[in-house]
Amino acid sequence: MKDLKLLEKLSLTLGIPGREHRVRKLILDEIKGTFDKVSVDPMGSIIAVRQPRPAKGKTAPRKPKRVMLAAHMDQIGFMISHVTDEGLAYIAPFGGFDVRNLFARVVTVCPDPSNPAKDLCAILNPGVKPLHIAPVEDRQKVPSLSDFVLDFGLPAKDVHKRVKIGDMVVINAPVTYLGENISGQAMDNRVACWIAIEACRKLRHHDYEVHCVFTVQEEVGLRGATAASHTVAPDIAIGIDTTLAVDTPGVAKQEQCTTLGGGAAVTIADSSAIGDYDLIETFTRTAKKNKIPYQRSILTRGGTDTGGMQRTAGGCRAMTLSCPTRYIHTVTEMVNSKDLRACRDLLAKVIEDL
Ligand SMILES: [Zn+2]
């Protein structure tokens, strides 16, 4: 699992929509030498370009076509929305957490998105009566996010000095290795950052210009990818993201979407985009030819950066390559190392064959 150390680092680096500063810095450091040109666009997405590398004896096309890869850097989280006179704080969501997963959490509050030295901890709990004194009917209810409060354990004046509206809030969660799986937070979508980086590192010969884009603000509506695709103007766009693997008890087979460990998921469609038919054929043919495990999947609810890229300007041929993920949108998202490597290898092979 040595090759997953970068994924571990990515999972433990905090960055919600609009506050991707630390993830961006980590990726910029990591991709040095892999691309010919790296820039950051006005919204904060990284656009890393590799010129064509024609095979021996072949000349590079004069006007190469462009393939755009999109891997979003942001994770779901919160911002502080109000600080009370007593020094407690309320939060607003950025991306969809299930409230049932938010009880009794230690969180990190980041007053400066670029400077972890200013971070502080808090306890997240709903402001409701504990079990010992709650009436029976209260125990059945699920509080709403607006009931949740941050307790810093600090005097109010200290809280007011250090914390303000708009500060990033992220739940603390470790990375855990379980057999051939890895679990942690923000696997959605740091796995795609890992897949994009590692696939581009593997590239040898390719005729397309590769624009590898690490996007911002996907979790709030594919915003960074939409903007960046105007800049890139791709002929082909490939969104890389997690997808549901609900191959767990209590879910019918027809609803499981993908199987963990079942290989790279070629997403036929989700609610943001229907994948380009020929591109899907290319992916499946390449997987078969190279004996890379893959599975086909449809996600009926949920979108990816593909939806943003596909409809830019005159439109482009687009599809999504997905990594099966259990417990998605929790801080224990679990992915399988074989699926990760299958996504990496399949992506690299397809780009080389374009
Ligand atoms: Zn995602």
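From a predicted model like this one, the values you see are computed outputs, not experimental measurements. (Residues numbered from 1 in each chain as written. Predicted model: local features only at pLDDT ≥ 70, side-chain atom pairs only at ≥ 80, totals over all residues. Heavy atoms only, no water.)

### Description of the side chain of threonine 267
Stated precisely, the cut-off is as follows: Here a strand is any run of E in DSSP of at least two residues, a helix any run of H or I of at least four, and the numbering for each starts at the N terminus. In protein, a polar contact means a hydrogen-donor-capable atom and an acceptor-capable atom, both N or O and within 3.5 Å, with residues adjacent in sequence counting only if both atoms are side-chain atoms; elsewhere, any N or O pair within 3.5 Å suffices. Any two residues having at least one pair of non-hydrogen atoms within 4.5 Å are treated as being in contact.
Mapped onto the secondary structure, threonine 267 falls in strand S14 (residues 264-269). Polar side-chain contacts of threonine 267 include one of 2.6 Å to the side chain of serine 322. Residues within four places of threonine 267 in sequence aside, it is in contact with Ile280, Ser297, Thr320 and Ser322.

### Considerations on the domain arrangement of the chain
As a reminder, the rule being used: Segmentation of the chain into domains, including their bounds, is taken from an automatic or database domain assignment. A quick way to say it: buried area is the sum, across both parts, of accessible area lost when two parts are put together, with a 1.4 Å probe. One side-chain nitrogen of Lys or Arg within 4 Å of one carboxyl oxygen of Asp or Glu is enough to make a salt bridge. Residue type decides the class: Asp, Glu, Lys and Arg count as charged, Ala, Val, Leu, Ile, Met, Phe, Trp, Tyr, Cys and Pro as nonpolar, and the leftover types, Gly among them, as polar.
Here the domain parsing of the chain yields domain 1 (2-75 + 185-353) and domain 2 (77-171). Each of domain 1 and domain 2 has a C-alpha centre, and the two are 32 Å apart. Taken together, the contact pairs 14 residues of domain 1 with 23 residues of domain 2. Taken over both partners, the interface formed by domain 1 and domain 2 buries close to 1,400 Å², and the fraction arising from carbon and sulfur atoms is 63%. Of all residues in domain 1, the largest losses of buried area upon contact with domain 2 belong to Ile16, Arg19 and Arg22, amounting jointly to 42% of the total for that side. For the pair domain 1 and domain 2, the interface holds one salt bridge. With a closest N to O distance of 2.9 Å, arginine 22 and aspartate 119 form a salt bridge. The class makeup of the residues in the side of domain 1 that touches domain 2 is five nonpolar, six polar and three charged.

### Here we look at the pairing of strand S8 (residues 148-151)
Remember that side chains alternate between the two faces of the sheet whenever the strand is regular. Stated formally: What makes two strands pair is DSSP finding at least two bridges between them.
The sheet contact formed by strand S5 (residues 88-94) and S8 spans three bridges and is antiparallel. Within the sheet, the bridge partner assigned to leucine 88 lies in S8 and is aspartate 151. Relative to S8, strand S7 (residues 120-126) runs antiparallel, the two being bridged by four bridges. The partner of asparagine 125 across the bridge, within S8, is valine 149.

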